[in-house]
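# Secondary and tertiary structure notes
Here's the letter readout for the chains.
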Amino acid sequence: MDINASDIYSFYQSSLGSIVKRTVRQRITSVVKDISNQFVCGYGYTNPYLSFLNKCHTDLKITSLIPDFLDGSITEKKYEFDEKTIHEYFLPLDPSSVDLVISTHLLEFVDKPKSSIEEIWRILKPNGYFIAFVPRRSGLWTRYDNNPFGFGRSYSTTQFKRLIEDYLILEQKKSFLHFPPWHHYANYKFHQTIEKAGNSIFPYMGGLMICVCKKIVYVTNKSESKKIPIKNIVAT
């Protein structure tokens, strides 16, 4: 992988990155309603979005977990929430302790995305939510390397459903980022118009997908458990 946290940070400081950041924040706002006094965890590179939630909801407990393969945290800016560099497949949080997990710049980069999903399932409370932003396989943004979504793997809806099917239920999915990933004045000026037109005319052609997932809690059927006779394991 040829991208790190510094590259992603620099992208979000650019004009193109700024409009992407605003668009993603709007999507978060559209699906996140009443989250007062909840524990929110960011997994991946999520600081631009956690800082937005922190300003909108001052009563949240927020933790940002940045995998070590992204080369750690960014020192240029300090955030008003906990920020930790972690091993990509081990989240230093207690089981069933988090209300909401948000991930960006994660599932397209990890070698074992199912292991990351398993860890997300572990730390989520029963009926907790996971909001994932992933590059859309047939989207335009994955074809350009001037943005972080042009690196790593991309996902179709079917591939994402298969990834989470043993742990989470996909409740909502929507494509967005219909404007092109071009550093051009016209793009900066008309991106909102292009985005609205894309949502209406080509709703499945966006460059990113927002996937809202809910934790599955399994119920053990004790009647089906097998009992081993003592005589089979005790020497006579």
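Residues numbered from 1 in each chain as written. Predicted model: local features only at pLDDT ≥ 70, side-chain atom pairs only at ≥ 80, totals over all residues. Heavy atoms only, no water.

## Focus: the packing of aromatic side chains
Tallying each qualifying case throughout the model produces 7 aromatic pairs. With a centroid separation of 6.3 Å and an interplanar angle of 75°, the aromatic rings of Trp141 and Phe149 are classed as edge-to-face. The class for Trp141 is buried, based on a relative accessible area of 1%. A centroid spacing of 5.7 Å and a plane angle of 80° characterise the contact between Trp141 and Phe179, whose relative ring orientation is edge-to-face. One end of the pair, Trp141, is in the loop between strand 5 (124–135) and helix 5 (157–164); the other, Phe179, is in the loop between strand 6 (168–176) and helix 6 (185–201), with 38 residues separating them in the sequence. A relative accessible area of 1% places Phe179 in the buried class. Following the ring pairs from residue to residue traces out a cluster consisting of Phe11, Tyr12, Tyr45 and Tyr49. Across the ring face of Trp121, the terminal group of Lys215 is positioned such that the distance to the ring centre comes to 4.5 Å. (Phe/Tyr/Trp six-rings, centres within 6.5 Å; stacked < 30°, edge-to-face > 60°. Buried < 20%, exposed > 50% of the residue type's maximum accessible area, 1.4 Å probe, protein only. Helix = DSSP H or I, 4+ residues; strand = E, 2+ residues; numbered from the N terminus. Lys NZ or Arg CZ within 6 Å of the ring centre and 35° of its normal.)

## What to know about the side chain of Glu119
Along the polypeptide, Glu119 turns up in helix 4 (residues 113–123). Exposure remark for Glu119: the relative accessible area of 10% places this residue in the buried category. Beyond its immediate stretch of four places on either side in the chain, Glu119 contacts Tyr89, Phe90 and Leu91. (Contact = heavy atoms within 4.5 Å.)

## Topic: the pairing of strand 7 (residues 208–215)
The buried fraction of strand 7 amounts to 7 of the 8 residues, a majority that puts the element mostly inside the structure. Bridge analysis of strand 5 against strand 7 gives 7 bridges, and the strand direction is antiparallel. Bridging across to strand 7, Ala132 finds its partner in Cys211. Bridge analysis of strand 6 against strand 7 gives 8 bridges, and the strand direction is antiparallel. Opposite Ser175, over in strand 7, you have Met209 as the bridge partner. (Pairing = 2+ DSSP bridges.)

## Description of the pairing of strand 5
Across 5 bridges, the pairing between strand 4 (residues 98–104) and strand 5 is parallel. Along strand 5, the bridge assignment pairs Ser103 with Ala132. Crossover handedness for the path strand 4 to helix 4 to strand 5: right-handed. (Right-handed = clockwise from strand over helix to strand, strands pointing away.)

## Things to note about the pattern of salt bridges
One pass over the full model with this rule turns up 2 salt bridges. For Asp99, the salt bridge goes to Lys125, with nearest N and O atoms at 3.3 Å. Here Lys125 lies in strand 5 and Asp99 lies in strand 4, a separation of 26 residues in the sequence. A relative accessible area of 18% places Asp99 in the buried class. For Arg122, the salt bridge identified is with Glu119, shortest N-O distance 2.7 Å. Here Arg122 and its partner Glu119 are both found in helix 4, 3 residues apart, which amounts to about one turn of the helix. (Salt bridge = Lys/Arg side-chain N within 4 Å of Asp/Glu carboxyl O.)

## Describing helix 1 (residues 5–13)
Those residues of helix 1 not exposed but buried are Ala5, Ile8, Tyr9, Phe11 and Tyr12. Seen from one end, helix 1 has its buried residues packed into an arc of 160°, which puts them on one side. Taking the backbone nitrogen of Ser6 as reference, a side-chain oxygen 3.0 Å away marks Asn4 as the first, capping residue of helix 1. (Arc of directions from axis to C-beta. Polar contact = N/O pair within 3.5 Å; in protein donor to acceptor, adjacent residues only side chain to side chain.)

## A short note on the packing of helix 1 against helix 2 (residues 15–31)
Direction vectors running N to C along helix 1 and helix 2 enclose 90°, while the axes themselves pass 5 Å from each other. Regarding the angle of helix 1 to helix 2, the classification is roughly perpendicular. Judged by residue contacts, Phe11, Tyr12 and Gln13 of helix 1 engage Ser15, Leu16, Gly17, Ser18, Val20 and Lys21 from helix 2. Class assignment for the residues of the contact of helix 1 with helix 2 results in 4 nonpolar, 4 polar and 1 charged. (Axes fitted to C-alpha atoms, helices over the stretch in contact; angles between N-to-C directions. Parallel < 35°, antiparallel > 145°, perpendicular 65-115°, else oblique. Nonpolar A, V, L, I, M, F, W, Y, C, P; charged D, E, K, R; others polar.)

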